[in-house]
Amino acid sequence: QVPLVESGGGLVQADGSLRLSCAASGSTFDTYAMGWFRQPPGKEHEFVAAIRWIDSVTYYADSVEGRFTISRDYHKNTLFLQMNSLKPADTVVYYCAGRNRAPQYWTDYKDWDNFDYWGQGIQVTVSS
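We now turn to the structure provided with this report. (Residues numbered from 1 in each chain as written. Predicted model: local features only at pLDDT ≥ 70, side-chain atom pairs only at ≥ 80, totals over all residues. Heavy atoms only, no water.)

Ranked by internal contacts, the top residues of the largest apolar core, which has 39 residues, are Trp36, Leu79, Leu81, Met83 and Tyr94. For this core, the secondary structure elements donating two or more residues are strand S3 (18-24), strand S4 (33-39), strand S5 (46-52), strand S6 (58-60), strand S7 (68-73), strand S8 (78-83), strand S9 (92-99) and strand S11 (122-127). Look past the residues within four positions of Met83 in its chain and what remains in contact with it is Gly16, Ser17, Leu18, Leu20, Arg67, Phe68, Tyr94 and Val124. (Core = buried A, V, L, I, M, F, W, Y, C linked by side-chain atoms within 4.5 Å. Buried < 20%, exposed > 50% of the residue type's maximum accessible area, 1.4 Å probe, protein only. Helix = DSSP H or I, 4+ residues; strand = E, 2+ residues; numbered from the N terminus. Contact = heavy atoms within 4.5 Å.)

What follows covers the environment of Glu46. With respect to the helices, strands and loops of the structure, Glu46 is situated in strand S5. Glu46 sits in the partly exposed class, given a relative accessible area of 30%. For the pair Glu46 and Ser7, spaced 39 residues apart in sequence, the C-alpha to C-alpha distance is 19 Å.

The next point concerns the packing of aromatic side chains. This model, assessed by the stated rule, comprises eight aromatic pairs. For the pair Tyr59 and Trp106, a centre-to-centre distance of 5.0 Å together with 10° between the ring planes defines the contact as stacked. Here the residue Tyr59 occupies a position in strand S6, and Trp106 occupies one in the loop between S9 and strand S10 (117-118), the gap between them amounting to 47 residues. When the centroid spacing of 6.2 Å and the interplanar angle of 45° are considered together, the rings of Tyr109 and Phe115 count as tilted. Through a chain of ring-to-ring contacts, the aromatic side chains of Phe37, Phe47, Tyr59, Tyr95, Trp106, Tyr109, Trp112, Phe115 and Trp118 assemble into a single cluster. Note that Arg19 overlies the ring of Phe80, its terminal NZ or CZ placed 4.3 Å from the centroid. (Phe/Tyr/Trp six-rings, centres within 6.5 Å; stacked < 30°, edge-to-face > 60°. Lys NZ or Arg CZ within 6 Å of the ring centre and 35° of its normal.)

This part takes up the state of the cysteines. Counting across every chain of the model gives one disulfide. The disulfide that involves Cys22 links it to Cys96, with 2.0 Å between the sulfurs. With the S-S dihedral at roughly 60°, the linkage between Cys22 and Cys96 falls on the right-handed side. Of this pair, Cys22 sits in strand S3 while Cys96 sits in strand S9, placing them 74 residues apart in sequence. We classify Cys22 as buried; its relative accessible area is 0%. (Disulfide = S-S within 2.5 Å.)

The following block contains the structure:
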């Protein structure tokens, strides 16, 4: 497992922007893909976006496509989520996750349980 640490969350006004970061820590970084999930209170983890590490091929949930952008710094072992046009519905805990295996299908990235390691989560709050 690779320890992952999220940062950049906090409080922002509706229509504002935040950029989340997720940094690998404590071990040599080796990953095939990384992703972002979020978890509304009392609900299961919801897929947000994923990125293939070597070439930055990306995948997005319909609810965020066009507003959020996932990216990575290959040399810094850091994952980002640029969140624009934020809405109160985006208020939730966000998690980054890593997978060190190639998927059978790209839709495997939509399932929290198909990843191999996860961050601790970070709160994003969007006010009206």
